[in-house]
Amino acid sequence: MTNHQQFIVALADAIRARAPLPPFPAGVTMDEAYRMLPAAAARVCDSGTRGLKAGLTNPELQALFGLDEALIGLLYDWGECPNGVALPFREHARIECELAVVLSAEGAPVALAPAIEIVHLNFAAPEDFTPANLVMSSLGADSYICGSPIPWGELDQSVIRSTAIRLERDGELLQLANAGDSLNGPERAVDWCVNEARKRSLEIADGTTLLTGTCGDALPGLPGNYKADFGELGTLRFTIETPAG
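Fair warning: this is a prediction, and the values are worked out from it, not measured in the lab.

Basis of the calculations
- Residues numbered from 1 in each chain as written.
- Predicted model: local features only at pLDDT ≥ 70, side-chain atom pairs only at ≥ 80, totals over all residues.
- Heavy atoms only, no water.
- Helix = DSSP H or I, 4+ residues; strand = E, 2+ residues; numbered from the N terminus.
- Contact = heavy atoms within 4.5 Å.
- Areas by Shrake-Rupley, 256 points an atom, 1.4 Å probe, with all protein chains shown as cover.
- Buried < 20%, exposed > 50% of the residue type's maximum accessible area, 1.4 Å probe, protein only.
- Axes fitted to C-alpha atoms, helices over the stretch in contact; angles between N-to-C directions.
- Parallel < 35°, antiparallel > 145°, perpendicular 65-115°, else oblique.
- Left-handed = near helix turned anticlockwise from the far one by under 90°.
- Nonpolar A, V, L, I, M, F, W, Y, C, P; charged D, E, K, R; others polar.
- Phe/Tyr/Trp six-rings, centres within 6.5 Å; stacked < 30°, edge-to-face > 60°.
- Pairing = 2+ DSSP bridges.
- Polar contact = N/O pair within 3.5 Å; in protein donor to acceptor, adjacent residues only side chain to side chain.
- Core = buried A, V, L, I, M, F, W, Y, C linked by side-chain atoms within 4.5 Å.

**What to know about the overall build of the chain**
Line of reasoning, step 1. Of the regular secondary structure elements, the chain holds six helices and 14 strands.
Line of reasoning, step 2. Each principal axis of the C-alpha distribution contributes one length, and for the chain these read about 50 × 50 × 35 Å.
Line of reasoning, step 3. Taking all contacts inside the chain whose residues are at least 6 apart in sequence as the whole, residues at least 24 apart take part in 73%.
Line of reasoning, step 4. As presented, the chain carries roughly 11,000 Å² of accessible surface, and 49% of it is formed by carbon and sulfur atoms.

Quick look at the structure:
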């Protein structure tokens, strides 16, 4: 087993256990990271990946990393949770309001739904927090919640882009975001993500779920009862449990 293969095993084990990520190999390029991503994700999943996710979609964050475009990762088969789910508190978890697009095998958008993603990234060393290492870690993919999908053809995309997203915890407003915040809305997000997935040889199957990136900021996953109101797209609720002791 090569050093990279050994690392992929250790990385996948840490992701499954929500443990601190192992030290990353030095000098991995973005192309190499994308080549290792499917192998790492396959070891994390029992029965295959569930979909795609865009990450680092904020241009200001991209500039901090010396990037001029977003990153793409994979969703895990065990990550999808029902609306109303209760999730355990995890110290390094972050909450992201997103949109979920259902894709055909050809990469065409079929339906749109509101979504919440819980991202979990726990790098052991600050210097490991690099774009290539984010890709190998599938951008912190963990749990996600999708609402009821609405057929794509029934949506007015100009209205969707201006839709307000309200996130509350225990009745207190945490964030007011906009559905067009990430990649200028779901239409452009689909175009970019599908092209990037094909460029990186990432599979798009019929019914693939695509999370299009954070609308607003990623917020700490603190204990409480959450409500995310996506206007006409629907409402999502979830709880992050108070840790025992």
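On we go.
**Quick word on unusual backbone geometry**
Line of reasoning, step 1. Backbone geometry at Asn184 places phi at a positive 60°, although glycine is not the residue there.
Line of reasoning, step 2. Note on placement: Asn184 falls in the loop between β10 (172-178) and α6 (186-199).
Line of reasoning, step 3. On the accessibility criterion, Asn184 (53% relative accessible area) is exposed.
Line of reasoning, step 4. Residues other than glycine seldom take positive phi values, yet Ser201 does so here, at roughly 60°.
Line of reasoning, step 5. Inspection of the secondary structure assignment puts Ser201 in the loop between α6 and β11 (208-211).
Line of reasoning, step 6. Given a relative accessible area of 64%, Ser201 falls into the exposed group.

**Let's talk about the packing of helix α1 (residues 3-17) against helix α2 (residues 30-44)**
Line of reasoning, step 1. Here α1 crosses α2 at 45°, and the two axes come no closer than 8 Å. Considering the angle they form, α1 stands oblique to α2. In the packing of α1 onto α2, the handedness of the crossing is right-handed. On α2, the residues touching His4, Ile8, Val9, Leu11, Ala12, Ile15 and Arg16 of α1 are Met36, Ala39, Ala40, Arg43 and Val44.
Line of reasoning, step 2. Per-class residue counts for the contact of α1 with α2 are nine nonpolar, one polar and two charged.

**Here we look at the packing of aromatic side chains**
Line of reasoning, step 1. Enumeration according to the criterion identifies six aromatic pairs in this entry.
Line of reasoning, step 2. When the ring of Phe65 is compared with that of Phe129, the centres are 5.5 Å apart and the planes differ by 75°; the resulting orientation is edge-to-face. Residue Phe65 is found in the loop between α3 (59-64) and β2 (71-76), and its partner Phe129 is found in the loop between β6 (109-120) and α4 (131-136); the two are separated by 64 residues along the sequence.
Line of reasoning, step 3. For Phe129, a relative accessible area of 40% translates into the label partly exposed.
Line of reasoning, step 4. Taken together, the aromatic side chains of Phe7, Phe24, Phe65, Phe123 and Phe129 make up a single cluster linked through ring pairs.

**Brief notes about the pairing of β11**
Line of reasoning, step 1. Burial of the side chains of β11 extends over both faces: Thr208 and Leu210 are buried on one face and Thr209 and Leu211 on the other.
Line of reasoning, step 2. Pairing of strand β5 (residues 93-103) with β11 involves four bridges; the strand directions are antiparallel. Residue pairing in the sheet places Val101 in a bridge with Leu210 of β11.

**Quick word on the environment of Asn178**
Line of reasoning, step 1. Of note, Asn178 is situated in strand β10.
Line of reasoning, step 2. Along the primary structure Asn178 and Thr163 are separated by 15 residues, whereas in three dimensions their C-alpha atoms are 5.7 Å apart.
Line of reasoning, step 3. Every residue in contact with Asn178, bar those within four places of it in the chain, is listed here: Arg161, Ser162, Thr163, Ile165 and Cys215.
Line of reasoning, step 4. From its side chain, Asn178 meets the backbone oxygen of Ser162 in a polar contact 3.4 Å long.

**Considering the side chain of Lys53**
Line of reasoning, step 1. Along the chain, Lys53 falls in strand β1 (residues 49-55).
Line of reasoning, step 2. Residue Lys53 is classed as buried on the basis of its relative accessible area, which comes to 2%.
Line of reasoning, step 3. A distance of 2.9 Å separates a polar atom in the side chain of Lys53 from the backbone oxygen of Leu139.

**Examining the nonpolar core**
Line of reasoning, step 1. By size, the foremost hydrophobic cluster in this structure holds 72 residues, and its most contacted members are Ile116 and Phe238.
Line of reasoning, step 2. The element contributing the most residues to this core is α2, with seven residues.
Line of reasoning, step 3. In this structure, Ile116 is in contact with Ile95, Glu96, Cys97, Ser143, Tyr144, Ile145, Ala228, Leu236 and Phe238, ignoring residues within four places of it in sequence.
Line of reasoning, step 4. Within the second largest apolar cluster, six residues are counted, among which are Ala100, Ala115, Tyr144 and Cys146.

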